[in-house]
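Structural overview for review
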Amino acid sequence: MTLRSTVEESAPRRIKSLDGLSLPAALQANQSAMPWFQQAPWYQHLASFMALTDTQWMMLQPGQTAENSAPWQLALYCSANGQQINSLTNYYSPALGPLAPAHPADWQQFFAALTQTQPAVQRLQLQPLTAGQQQQLQQLTVPGWGFYFSQCSDNWTARAENYWQQRPSQLRNTIRRKRQKLAAEGARIDISPLATPELVAAYWQVYQHSWKPAEPKTDFIDALLHHASQQQSLRLGVLWLQGRPVAAQCWLVAAGVAAIYKLAQDQNFDHYSPGTVLTAALLDHVIEVDQVQTIDFLTGNDQYKAQWMDTKTPLYQLQAFRLYQPAALLQFALLRLKAGIRQLWQRGVTQRGNR
């Protein structure tokens, strides 16, 4: 098998910069539910946000695609000695990418490519995996590797068609009451596809007065806002009350999908529920103006999402170990042992509860 990086026709190497890099035509043609997160700038910003050095991360893809497989490309990063490999994802990431393997043959090809390009690898971690990806990998046999799966998060989605008819009456009544109360106080809402200095400053003002923990790197979000603005996929909403921004949200729209990305509400105005009213306004906008088919709340198992969304689907993590490496084999055995003990304990609790 011949492998290549995304920038030259040779064996894979770590890419030091993705400035101006475009995805191969086969990847560009793929219709993803979250296309923004498959673009090269996303991974460049994410690598910078995670403080990865130029030699710690790379793009991996096959040089040739077999008849029973499809194009794939994964962003990865590794430890200094190359023994630990991870997907280039974190809590901001809704999917593996730029384009995850789609068939068992693709996954076989991925593991062959990984071991060829990273011979020192002992442990691999990939997340988030969809249920379909997890099932494919569960059924895969890769000599010398042991797999362990666990749930890492959830994804909430809703259909845009007849959206409000599907929502609980309690939510609709709350929105109506809070909207009337805010209107009586002279509140206004801005929804813009542009990351203007005024709106970005308003977003950060709200964020600093919200329940959210401090953002590790504000420049990561600033870069996302400006790039999405250039791509015309940004929907930046701000609710103003008495001349002050009290709720702000960043949504991303592309390929018929509206992704709810960042939410913030000034705690001093919680009694007005400005975030709820702003979410409703943005929903109306993306459904009526952008005419999206799907609303995606991305990752997170926050229970409040249930009243806004139709479907909750689990997301998984894969930890894979090279079994011929003693240290990796020991880690794998301990992980399986702990999982077995936990299952026995949970079974005992269930049996005692049924007596």
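Scroll up to find the structure this text is about.
Residues numbered from 1 in each chain as written. Predicted model: local features only at pLDDT ≥ 70, side-chain atom pairs only at ≥ 80, totals over all residues. Heavy atoms only, no water.

Description of unusual backbone geometry
Along the chain, G97 connects to P98 via a cis peptide bond; the corresponding omega equals 5 degrees. Here P98 lies in strand β5 (residues 98-99). Backbone torsion omega between Q127 and P128 reads -5 degrees, so that peptide bond is classified as cis. The topology assignment puts P128 in strand β6 (residues 123-129). Unusually for a residue other than glycine, N162 sits at a positive phi of about 55 degrees. Topologically, N162 is positioned in the loop between β7 (145-159) and α5 (169-184). Residue classification places N162 among the partly exposed residues on the basis of a relative accessible area of 41%. Of note, the phi angle at Q232 is positive, near 60 degrees, even though the residue is not glycine. (Helix = DSSP H or I, 4+ residues; strand = E, 2+ residues; numbered from the N terminus. Buried < 20%, exposed > 50% of the residue type's maximum accessible area, 1.4 Å probe, protein only.)

Quick look at a nonpolar patch on the surface
A cluster of nonpolar side chains, contributed by L330, L334, L337 and I341, occupies part of the molecular surface with about 390 Å² of accessible area. Structurally, the position occupied by L337 is in helix α9 (residues 326-354). (Patch = residues over 30% accessible without salt bridge, like charges linked within 9 Å, V, L, I, M, F, W, Y side chains within 5 Å. Areas by Shrake-Rupley, 256 points an atom, 1.4 Å probe, with all protein chains shown as cover. Salt bridge = Lys/Arg side-chain N within 4 Å of Asp/Glu carboxyl O.)

Some remarks on the pairing of strand β4 (residues 84-87)
Residues of β4 alternate between two faces, with Q84 and N86 on one and I85 and S87 on the opposite face, all of them buried. By the bridge criterion, three bridges tie β4 to β6 in an arrangement that is parallel. When the bridges of β6 are listed, I85 appears paired with L124. (Pairing = 2+ DSSP bridges.)

Thoughts on the pattern of salt bridges
The full count for this structure, using the stated rule, is eight salt bridges. Of the charged contacts, one joins D190 and R188 as a salt bridge, the two residues approaching to 3.2 Å between their closest N and O atoms. With relative accessibility at 23%, the residue D190 sits in the partly exposed group. R188 sits in the partly exposed class, given a relative accessible area of 40%. Here K262 and E215 are joined by a salt bridge, their closest N and O atoms 3.1 Å apart. With K262 in strand β11 (residues 257-265) and E215 in the loop between α6 (197-208) and α7 (218-230), this residue pair connects regions lying 47 residues apart in the sequence.

Considerations on the packing of aromatic side chains
This structure, assessed with the given rule, holds 17 aromatic pairs. Taking 5.0 Å as the distance between ring centres and 75 degrees as the angle between the ring planes, the aromatic pair formed by Y203 and W204 counts as edge-to-face. The class for W204 is buried, based on a relative accessible area of 11%. Each member of the aromatic cluster is reached from another via a ring pair, and the members are W72, W107, F110, F111, W145, F147 and F149. R167 extends its terminal NZ or CZ atom over the ring of Y163, reaching a point 4.4 Å from the ring centre. (Phe/Tyr/Trp six-rings, centres within 6.5 Å; stacked < 30°, edge-to-face > 60°. Lys NZ or Arg CZ within 6 Å of the ring centre and 35° of its normal.)

Remarks on helix α8 (residues 274-288)
With 15 residues, α8 extends 21 Å from end C-alpha to end C-alpha; this agrees with the ideal 21 Å at 1.5 Å per step. Burial in α8 covers these residues: P274, G275, V277, L278, T279, A280, A281, L282, L283 and V286. Buried residues in α8 make contact with α5, β8 (188-192), β9 (234-241), β10 (244-254), β11 and β12 (294-299). (Expected span 1.5 Å × (residues − 1). Contact = heavy atoms within 4.5 Å.)

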